[in-house]
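# Results of the structural survey
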Amino acid sequence: MNNRQCPDFHYSNLRIPSRYAPVVFAFFMSTIMAMLMCIVIVGANSGISTGYVSRVLLAYKLAMPVAFICVMAVRPVVMKLVAISVRP
């Protein structure tokens, strides 16, 4: 089997322009954190039993958009706090 890629395909064509970095950061941060929080909170509140995964996904359906909006809103404040707290 030949592992060579098509010469016209470049991963750089799939990358998002750097001006969207804050939005991409917020998307990945909210995606990961919302899922982790849903896993923990659903397990703590209702236990890990039958239907656990479906309960987590149901909670995640609400949590992910809320987390994304929160990260976008809080990011500028956090950046200022980091600038104040960290020595250059």
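The written sequence of each chain sets the order in which its residues are numbered from 1. Predicted model: local features are reported for residues with pLDDT of at least 70 only, side-chain atom pairs are reported and counted for 80 or more only, and whole-chain, interface and lining totals are derived from all residues. Side-chain metrics in this entry use all non-hydrogen atoms of the structure; hydrogen atoms and water are not considered.

## With respect to the packing of aromatic side chains
In this description, a pair of aromatic rings is defined by centroid distance and the angle of the planes. Ring geometry is summarised as follows: Phe, Tyr and Trp rings, the Trp one being its six-membered ring, pair when their centres sit within 6.5 Å, and such pairs are stacked at plane angles under 30 degrees, edge-to-face over 60 and tilted between the two. Scanning all chains against the criterion turns up 1 aromatic pair. With a centroid separation of 5.5 Å and an interplanar angle of 65 degrees, the aromatic rings of Phe-27 and Phe-28 are classed as edge-to-face. Exposed residues in this analysis have more than 50% of their type's maximum accessible area, buried residues have under 20%, and partly exposed residues fall in between, with area computed by a 1.4 Å probe over protein chains only. Using a relative accessible area of 38% as the deciding quantity, one classes Phe-27 as partly exposed.

## Quick notes on the nonpolar core
The set of buried Ala, Val, Leu, Ile, Met, Phe, Trp, Tyr and Cys residues whose side-chain atoms join them within 4.5 Å is what this entry labels a nonpolar core. In this structure, Ala-34, Cys-38, Val-42, Tyr-52, Val-56, Tyr-60, Met-64 and Ala-67 together form the largest nonpolar core, which totals 8 residues. Helix and strand assignments come from DSSP, with helices taken as H or I runs of at least 4 residues and strands as E runs of at least 2, each series counted from the N terminus. Of all the secondary-structure elements, those providing two or more residues to this core are helix 1 (21-46) and helix 2 (52-85). With 5 residues, the top contributor of residues to this core is helix 2. The contact criterion used throughout is that any non-hydrogen atoms of two residues lie within 4.5 Å. With residues up to four places along the chain from it excluded, the contact list for Cys-38 reads Gly-43, Val-56, Ala-59, Tyr-60 and Ala-63.

## Concerning a nonpolar patch on the surface
Each patch is built from salt-bridge-free residues with over 30% relative accessible area, joining like charges within 9 Å and nonpolar side chains (Val, Leu, Ile, Met, Phe, Trp, Tyr) within 5 Å. Using the Shrake-Rupley algorithm and a 1.4 Å probe, accessible areas are obtained, with residue cover drawn only from the displayed protein chains. Salt bridges, as used here, are contacts in which a Lys or Arg side-chain nitrogen is within 4 Å of a carboxyl oxygen on Asp or Glu. A cluster of nonpolar side chains, contributed by Phe-25, Phe-27, Phe-28, Met-29, Ile-32, Met-33, Leu-36, Met-37, Ile-39, Val-40 and Ile-41, occupies part of the molecular surface with about 1,000 Å² of accessible area. One can find Met-29 in helix 1. For Met-29, a relative accessible area of 35% gives the class partly exposed.

## Focus: helix 2
Along its 34 residues, helix 2 runs just 40 Å from first to last C-alpha, ending more than 12% under the 50 Å computed at 1.5 Å per residue. Note on bend: at a given residue it equals the angle between the axes fitted to the 7 residues ending there and to the 7 starting there. Largest kink in helix 2: about 40 degrees, centred on Arg-75, with the proline Pro-76 one to four residues after it. Looking only at helix 2, the buried set comprises Tyr-52, Val-56, Tyr-60, Met-64, Ala-67 and Val-71. Summarising the contacts, the buried residues of helix 2 are in contact with helix 1. To estimate how far a helix should extend, the number of its residues minus one is multiplied by 1.5 Å.

## Looking at the environment of Lys-61
Note on placement: Lys-61 falls in helix 2. Overall, Lys-61 belongs to the exposed group, its relative accessible area being 63%. The spacing of Lys-61 and Cys-38 is 23 residues in sequence and 9.8 Å in space, taken between C-alpha atoms.

Interpretation note: all reported values are geometric properties and have no functional meaning in isolation.
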